[in-house]
Amino acid sequence: MFNKVNIVININCLLILCLFTFSASSQTLRVGLIDFPPHLSFDGELKKSPLYQYVNKILDSLNYTVEYVKLPNERAYLELTKGQLDLLLPISIPVNKGEINTPFTPIFHSVPGLCFKKENFIPILSATHRFDELTIGIPAASSPVTALTNSKAKLIPIKGENATSRGIELTQRGRFDAFYHPSPIKVYHRNSPLYKEVACSYFHGYSTPMHIAVANKLSKTTTDRIHKAFETAMQKHSYEFYFASRK
Amino acid sequence: MKPTSFSKMCILALFVFPIFFQVKAEDEKMKTLINEVTKIYMSSMFYIFKNQPLINQKNIDKHELFGTNFIENIEAVYREKYHEEFPQRDHFAIKMILQVMIEVMDDNKELLYDNDIGFKGIIPATFAFQLSAKLATKGIGLKIKFTRTEENIRNNMNRPDLWETRVMQKIIDKPQIYYDENSLLNGKAVIRQFTPLPMEAYCLACHGKPENNPLNVGKAETAWTNIDITGFEMENWTIDDFGGGVSISLEKSVLNDLK
């Protein structure tokens, strides 16, 4: 009699364990992606983007079914706050977007800089005296670094959604001597059509951390599980090192 | 002294002395580690200086500047410059600085391969600053700064803090390594070391006199400029001037966790 009860209990435990494992492995995660070349590029094949590869490998190891959604910046924030996404990357913590949950170590850092027509290139931006007399376009939505605001450069704000592309266009046409970009790497990389047109240098020391945001609706268990997997992976090889070491 | 007091003292000494020697040994290990990190940092700056032609040349293969190739080159400079083996990579500080070097060079890859740009601006000082800036984002409690006395400092972000200023005042006339195992930085307990650096000939290409300026080579003296290749006015320093130093801090709380 006692033996039979024991067997029934054991079978029940096994069933619960199987059910738990199955539910964990079959959970679907909806991951929002924001275009951030060359880390995450919507132009080419997404699977070739290094940030996609790094993140996907981690989530894959947790046996989630992952659905990736490419989104424009503004809509991505909206979908995250509405709970339509579980994760969103890469994002900087915006001041005006309410509470965004970013519990993990930043995935990488973005460094602002100036883009010039190649013939006017200034390679070292700590030489701020070289900004005297320069006219520099700045997207109105961005906050330029103090090295620039404290310089004698003439700063012209550019309004509108497409401020970045207009700024670059005006620089190419010689209306600006340079253009301030919060992340020049987005345009100054070898797969970009603008690589031939402009050259960018960086305000090192003024980096912005880029995060993976987590939806508030995501359960603590799932968040903790993903968190642990990311921290373990980052300790072994950070994404920045993975990006720098890729062939 | 009563026999009981004597035996109490003996027992006390038995406990205290091993702790004292252990602390001393840990201290020595830390000093060695910080010295190694400083020498690796200096070797990388020297390599960057020696390879200015490779860095600035157009239309050539530059794979020596990236990834493990770059680190192997730094190792070679280290061995040649200090006549000793490159340190073991068994401490997080060594591993991390080598990783960050690879990351910094990769950050500059687009510029290094831009065949429309001649002078890329990747010189020892800017490379060292990029390393410092990147290391600061890692949140591992290790900070490195290449700094100098307040006057004539070119990059505001390299300005010395109060501790560095005081140390330089102490050692400027008789340069020697200054080690402080009980310091505070941003409210955290840290070990700090300042290693003064001798002025090297390559420093003078930018910070020396117009005759040291490579831009003046082959020109009549009347046509010389005192503006260096980076766009700064040269400081007229000589080889006997104080060359600044490398300031390193390591948070005590992370020392044991991250070994």
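This text follows the structure it describes.
Procedures and definitions
Residues numbered from 1 in each chain as written. Chains lettered and ligands numbered in written order. Predicted model: local features only at pLDDT ≥ 70, side-chain atom pairs only at ≥ 80, totals over all residues. Heavy atoms only, no water. Helix = DSSP H or I, 4+ residues; strand = E, 2+ residues; numbered from the N terminus. Contact = heavy atoms within 4.5 Å. 1 Å grid on protein atoms, 1.4 Å probe; cavity = no way out; pocket = protein on both sides within 12 Å on 5 of 7 lines; lining within 4 Å. Points joined across faces, edges and corners; volume = space filled by probe spheres on them. Buried < 20%, exposed > 50% of the residue type's maximum accessible area, 1.4 Å probe, protein only. Pairing = 2+ DSSP bridges. Buried area = accessible area lost by both parts, 1.4 Å probe. Salt bridge = Lys/Arg side-chain N within 4 Å of Asp/Glu carboxyl O. Polar contact = N/O pair within 3.5 Å; in protein donor to acceptor, adjacent residues only side chain to side chain. Nonpolar A, V, L, I, M, F, W, Y, C, P; charged D, E, K, R; others polar.

## Thoughts on the side chain of Thr126(B)
Looking at where Thr126(B) falls in the secondary structure, it is placed in helix α6 (residues 124-136). If we skip the residues at most four places from it in the chain, Thr126(B) touches Ile124(A) and Gly121(B).

## Re empty space enclosed by the protein
Here the structure, examined in full by the defined rule, presents one cavity of 30 Å³ or more. In this structure, the largest cavity spans a volume of roughly 410 Å³. Looking at the largest cavity, it is lined by 25 residues, and the ones nearest its centre are His109(A), Val111(A), Ile185(A), Asp107(B) and Lys134(B). For the lining of the largest cavity, the secondary structure elements donating two or more residues are β4 (108-110) and α7 (239-245) of chain A together with α4 (92-107), α5 (109-112) and α6 of chain B. Ranked by residues supplied to the lining of the largest cavity, first place goes to α4(B) with four residues.

## Topic: the pairing of strand β8 (residues 178-181) of chain A
The two faces of a sheet get side chains in turn, since along a regular strand they alternate between them. Residues and elements named next belong to chain A. Burial of the side chains of β8 extends over both faces: Ala-178 and Tyr-180 are buried on one face and Phe-179 and His-181 on the other. Looking at chain direction, strand β6 (residues 135-139) and β8 are connected through two bridges and run parallel. By the bridge assignment for β8, Ile-136 is matched with Ala-178.

## Concerning the interface of chain A and chain B
Chain A puts 27 residues into the contact, and the matching count from chain B is 28 residues. Contact between chain A and chain B buries roughly 2,400 Å² in total, counting both sides, with carbon and sulfur atoms accounting for 57%. For the pair chain A and chain B, the interface holds six salt bridges. Across the pair Lys118(A) and Asp116(B) runs a salt bridge, and its minimum N-O distance is 3.4 Å. The interface formed by chain A and chain B includes nine residue pairs in polar contact (both at pLDDT 80 or more). Taken together, the elements giving at least two residues each to the side of chain A that touches chain B come down to β9 (198-202) and α7 of chain A. When residues of the side of chain A that touches chain B are assigned to their parent elements, the largest contribution, four residues, is made by α7(A). Its residues assigned to classes, the side of chain A that touches chain B shows 12 nonpolar, nine polar and six charged.

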